[in-house]
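A closer look at the structure
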Amino acid sequence: MASTTTGLPDRYRPLDQIGPDETTPTGVIQSWRAKDRVLNRDVAIRVHVPAGPAAHAWITRALTAGGLATPALAMVYDASEGSGDPQAPGGAAYVVNEWIDGETLAERLRSGPMPERDVRLVLRRLAEGVAEAHRVGLAVGGLTLENVVLRPNGLVGLRAVPAASGTVHGDITALGELLEACLTGVGPGARTATGPSDLVALARRARSTEPGQGLSSVAAMASLLAERPRTGPTPPLPPHRGEDAEGGRRRRGRDRRAEAAAPVRLEPGTLPPVPPVRPGGDDEPAPVARSPHDTIAAGPALPPAPPAGEEEPFGVLHAGGSTPAGRYADPADLDEDDEDDARKHRLVVVALPLLALLVVIALAWWIGSSVLSVTDAVDEDIDGSTPPATSAPGAEGGAGEEPAGEPGSAAAIAGAQVYDPFGDGAPENDDDVPLSYDGDPATSWPTLTYRGSPAFGNLKPGVGVVYDLGSPQDLTGVTVQTALPGATVEIRTADTADGALDDFAVAANGTLEQHTELPFDDTVTARYVLVWLTGLVDSPDGFSAELAEVEISTAG
């Protein structure tokens, strides 16, 4: 028998209604907790009134969600469009979901905000589940505090998957609202949004409607939540007592030397300071201030301090003086040094002109021999017989040099790989990339098929293939062949294949036809060429594009 309350098949016995009714453009959806009598387990059932064609769009979304397998989204067990008679057995339009036990996020946040670690963990896992749905072209919808459940095992789950309608932008905004609620709490325990600055900024970006300010995808939000939180600088440890005393002595020594080296301005009516005694002879004159306003630059009061941990050697006194041995040079030694410097100077003065003269002679000999050899060769050609007009290089047995490549010849492609910096890590038909430059237009590299929008299902700004030429070359353009005309493309170049998209400079752009030439405005020297697809075309199952043959032209 069918339930007289909901018109469900007898397999499902409704236990109690949960949550408010959800109004849709085509009717009303009621949610129930029910018992699956065949498998003896609790399930969640949502019933669409009226049944039949009015529920077709919702049931189609549910069938798409049935292919997902992520703990963050309630699994879809069963779905039926119904016959339109809610009282007949199986006449109701319904979707059967996994029943998720646990505390709802709304109940948890009534006691106050969540700790930072829990916020990052819960929102990241939820965003990863929603990103997986977006990858297959399904906007989840229904991301509310009442539908998000904290499972007892530490995971998070979303009930009521999918909602009657939804958009990718709506999912991003809803996740931003959930993040803000986790930082503020709800009800009497709510407070102003505080916490880590990166989480507060992420919530604001997710809810932003300003162009260029919002998030591009839920996958980007999950990636930001997975990053390690930034921490402030660690305060320096206090120095060891012994180290502090030693450092203090060194600083005081430097301060004293700096003060001694600074010029001293004498006030009117005061006597000049006595210059510090410096080791030297008895006949060495001491500096004298000529007037009260003169400035006297004081010399170092003490010899430089020895390095820390070393003892200063005792000074050895000369006879009749007080100069430490080795501290000041002997005048005789200074005279010998001056004589050595003079000899070196004379040697340099004599050697440089001689070296310049030798260079000039060698250069003149090389120019003369080259010019004479060329002149002799020309004279021999004039005196000899003129070759017949029909002769050509390489006419006999292929002898002679090969002709140079003509301008616009195709560059040899050493390798290629998919470039997908905004993707979720899933392969984009990577194994088919060599088919895009194998010389056969009948084979191609296709993108994945995206649903909902030619802008890659509103999941990312583009995808492409990076071609490696093996070495930097002068390039003039790219020719692309495809069996799916209409896709938009940019040709970008760079010296490395691992950079961000902005590291590839745009050299050309356009809309692909079956055979499209994309010339560069100026010759570009680069090793890597990125064919970056920015828009897809309608295909039987959604939106996609393909590259059948890519040919990169050089400057010749």
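Residues numbered from 1 in each chain as written. Predicted model: local features only at pLDDT ≥ 70, side-chain atom pairs only at ≥ 80, totals over all residues. Heavy atoms only, no water.

**Examining the overall build of the protein**
- Within the protein, the regular secondary structure consists of eight helices and 21 strands.
- Long-range pairs, those at least 24 residues apart, make up 69% of the contacts in the protein with a sequence separation of at least 6.
- Summing over all exposed atoms, the protein offers an accessible surface of approximately 33,000 Å²; the carbon and sulfur share of this is 55%. (Helix = DSSP H or I, 4+ residues; strand = E, 2+ residues; numbered from the N terminus. Contact = heavy atoms within 4.5 Å. Areas by Shrake-Rupley, 256 points an atom, 1.4 Å probe, with all protein chains shown as cover.)

**Focus on the sheet that holds strand 9 (residues 156-158)**
- With antiparallel pairing, three strands are arranged side by side in an open sheet as 7-8-9. In this open sheet, the two strands that pair with only one neighbour each are strand 7 (103-104) and strand 9.
- Relative to strand 8 (residues 148-150), strand 7 runs antiparallel, the two sharing two bridges. Paired with Glu 103 across the strands is Leu 150, a residue of strand 8. (Pairing = 2+ DSSP bridges.)

**Thoughts on the packing of aromatic side chains**
- Scanning all chains against the criterion turns up six aromatic pairs.
- Taking 5.4 Å as the distance between ring centres and 75° as the angle between the ring planes, the aromatic pair formed by Tyr 450 and Phe 456 counts as edge-to-face.
- Note on Tyr 450: relative accessible area 5%, which makes it buried.
- Under the relative-accessibility criterion, Phe 456 is labelled buried at 0%.
- Every member of this aromatic cluster is reached through a ring pair, and the members are Tyr 419, Phe 422, Phe 504 and Trp 532.
- Of note, Arg 33 hangs over the ring of Trp 99, and the distance from its end group to the ring centre comes to 5.8 Å.
- Note that Arg 41 overlies the ring of Tyr 77, its terminal NZ or CZ placed 3.9 Å from the centroid. (Phe/Tyr/Trp six-rings, centres within 6.5 Å; stacked < 30°, edge-to-face > 60°. Buried < 20%, exposed > 50% of the residue type's maximum accessible area, 1.4 Å probe, protein only. Lys NZ or Arg CZ within 6 Å of the ring centre and 35° of its normal.)

**Points about empty space enclosed by the protein**
- What the rule picks out here adds up to one cavity of 30 Å³ or more.
- One number sums up the size of the largest cavity: a volume of about 40 Å³.
- Taken together, Ala 65, Leu 68, Thr 70, Leu 73, Ala 74, Met 75, Val 76 and Val 161 make up the full set of residues lining the largest cavity.
- Split by residue class, the lining of the largest cavity holds seven nonpolar, one polar and no charged. (1 Å grid on protein atoms, 1.4 Å probe; cavity = no way out; pocket = protein on both sides within 12 Å on 5 of 7 lines; lining within 4 Å. Points joined across faces, edges and corners; volume = space filled by probe spheres on them. Nonpolar A, V, L, I, M, F, W, Y, C, P; charged D, E, K, R; others polar.)

**Brief notes about helix 6 (residues 218-226)**
- Of the residues making up helix 6, those classed as buried are Val 218, Met 221, Ala 222 and Leu 225. The buried residues of helix 6 occupy an angular sector of 100° when the element is viewed end-on, so they sit on one face.
- Against the buried residues of helix 6 lie helix 3 (116-135), helix 4 (168-184) and helix 5 (197-207).
- Where helix 6 begins, the capping side chain belongs to Ser 217, and its oxygen is found 3.2 Å from the backbone nitrogen of Ala 220. (Arc of directions from axis to C-beta. Polar contact = N/O pair within 3.5 Å; in protein donor to acceptor, adjacent residues only side chain to side chain.)

**Here we look at unusual backbone geometry**
- With omega at 5°, the peptide bond leading from Val 49 into Pro 50 counts as cis.
- Looking at the element boundaries, Pro 50 is found in the loop between strand 4 (41-49) and helix 1 (56-65).
- Pro 162 follows Val 161 through a cis peptide bond whose omega is -5°.
- You will see that Asn 40, though not glycine, has its phi angle at about 55°, which is positive.
- Looking at the secondary structure, you find Asn 40 in the loop between strand 3 (27-36) and strand 4.
- Classification of Asn 40 by relative accessible area gives exposed; the value is 61%.
- Located in the positive-phi region is Asn 429, a residue other than glycine, with phi close to 55°.
- Topologically, Asn 429 is positioned in the loop between strand 12 (415-419) and strand 13 (445-446).
- A residue is classified by how much of its surface remains accessible, and Asn 429, at 27% relative accessible area, is partly exposed.

**Some words on the side chain of His 48**
- On the secondary structure map, His 48 appears in strand 4.
- At 3.1 Å, the side chain of His 48 forms a polar contact with the side chain of Thr 26.
- Looking at His 48, its side chain comes within polar contact range of the main-chain oxygen of Pro 50, at 2.7 Å.
- Those residues in contact with His 48, other than ones at most four positions away along the chain, are Thr 24, Thr 26, Gly 27, Val 28, Ile 29, Ala 54, Ala 55, Trp 58 and Ala 93.

**As for the pattern of salt bridges**
- On inspection of all chains with the given rule, the structure shows 16 salt bridges.
- For Arg 207, the salt bridge goes to Glu 180, with nearest N and O atoms at 1.9 Å. Placement of the pair is Arg 207 in helix 5 and Glu 180 in helix 4, with a sequence separation of 27 residues.
- Accessibility expressed as a relative area gives 38% for Arg 207, which makes it partly exposed. (Salt bridge = Lys/Arg side-chain N within 4 Å of Asp/Glu carboxyl O.)

**Brief notes about the nonpolar core**
- Residues Leu 105, Leu 175 and Leu 178 are the most contacted members of the largest nonpolar core, which totals 56 residues.
- Looking at this core element by element, the count peaks at nine residues for helix 4.
- Each residue touching Leu 175, except ones within four places of it in the same chain, is listed here: Leu 123, Leu 126, Ala 127, Leu 143, Val 218 and Met 221.
- One finds Ala 507, Leu 518, Leu 536 and Phe 543 within the second-largest nonpolar core, a separate group that totals 33 residues. (Core = buried A, V, L, I, M, F, W, Y, C linked by side-chain atoms within 4.5 Å.)

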